[in-house]
Amino acid sequence: QVQLVESGGGLVQAGGSLRLSCAASGSIFSINAMGWYRQAPGKQRELVATITSGGSTMYADSVKGRFTISRDNAKNTVYLQMNSLKPEDTAVYYCRCAAVLRRGGATYGYWGQGTQVTVSS
């Protein structure tokens, strides 16, 4: 199976920056898309940003221009650079990847355990 381990969350003042990392490990043949989602208290989990294996990116409107997603395919790692953070960015951030476990196999989705990001005003 695939394990995703996130790091980099924490407490930051409004206007500050954080960088999240998520490393995938396990019996992985290849990883297609990787992404970040977040869930604030009392709200549904929402998409923050995704990146394909080729480097194409997509962002939620609420983070465009402030967040940057990137990945290191050799390390099966995805990053989320978060700048100009706002209190409304406070949430648990989850990493997700779409992985293929063997040549010609199906693609499966996997979630990380989540990392807390808290932005104080």
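The rules behind the values
- Residues numbered from 1 in each chain as written.
- Predicted model: local features only at pLDDT ≥ 70, side-chain atom pairs only at ≥ 80, totals over all residues.
- Heavy atoms only, no water.
- Disulfide = S-S within 2.5 Å.
- Helix = DSSP H or I, 4+ residues; strand = E, 2+ residues; numbered from the N terminus.
- Buried < 20%, exposed > 50% of the residue type's maximum accessible area, 1.4 Å probe, protein only.
- Contact = heavy atoms within 4.5 Å.
- Pairing = 2+ DSSP bridges.
- Axes fitted to C-alpha atoms, helices over the stretch in contact; angles between N-to-C directions.
- Core = buried A, V, L, I, M, F, W, Y, C linked by side-chain atoms within 4.5 Å.
- Salt bridge = Lys/Arg side-chain N within 4 Å of Asp/Glu carboxyl O.

A. Region of interest: the state of the cysteines. Evaluation of the coordinates by the stated rule reveals one disulfide. Covalent S-S linkage joins Cys22 and Cys95, the inter-sulfur distance amounting to 2.1 Å. What sets the handedness of the Cys22 and Cys95 disulfide is the S-S torsion sign, and at about -80° it is left-handed. Placement of the pair is Cys22 in strand S3 (residues 18–26) and Cys95 in strand S9 (residues 91–100), with a sequence separation of 73 residues. The same class applies to Cys22 and to Cys95, which are both buried. This cysteine, Cys97, is not joined by any disulfide, and Cys95 carries the nearest cysteine sulfur, 6.4 Å off.

B. Focus on the environment of Asn83. Mapped onto the elements of the fold, Asn83 is located in the loop between strand S8 (77–82) and S9. Once the C-alpha coordinates of Asn83 and Leu20 are considered, the two residues, 63 residues apart in sequence, prove to be 11 Å apart. With residues up to four places along the chain from it excluded, the contact list for Asn83 reads Gly16, Ser17, Arg66 and Phe67.

C. Up close: the sheet that holds S8. The four strands are arranged S1-S3-S8-S7 in an open sheet whose pairing can be described as antiparallel. The two strands at the open ends of the sheet, each matched to only one other strand, are strand S1 (2–7) and strand S7 (67–72). Taken pair by pair, the neighbouring strands of this sheet meet at an average axis angle of 15°, ignoring direction. Inspection of the sheet shows S7 paired to S8 by six bridges, in the antiparallel sense. Paired with Ile69 across the bridge in S8 is Leu80.

D. How the structure looks around the nonpolar core. Of all hydrophobic cores here, the largest spans 31 residues; its most connected members are Trp36, Leu80, Met82 and Tyr93. For this core, the secondary-structure elements that each account for two or more residues are S1, S3, strand S4 (30–39), strand S5 (46–51), S7, S8, S9 and strand S11 (115–120). Sorting elements by how many residues they give to this core places S9 first, with five residues. Excluding residues that lie within four positions of it along the chain, Met82 makes contacts with Gly16, Ser17, Leu18, Leu20, Arg66, Phe67, Tyr93 and Val117.

E. Expanded view of the pattern of salt bridges. The tally for this structure, following the rule as stated, stands at four salt bridges. With its nearest N and O atoms 3.0 Å apart, the salt bridge here joins Asp89 to Arg38. Of the two residues, Asp89 is situated in the loop between S8 and S9 and Arg38 in strand S4; the sequence distance between them amounts to 51 residues. Residue class for Asp89 comes out buried when judged on its relative accessible area of 1%.

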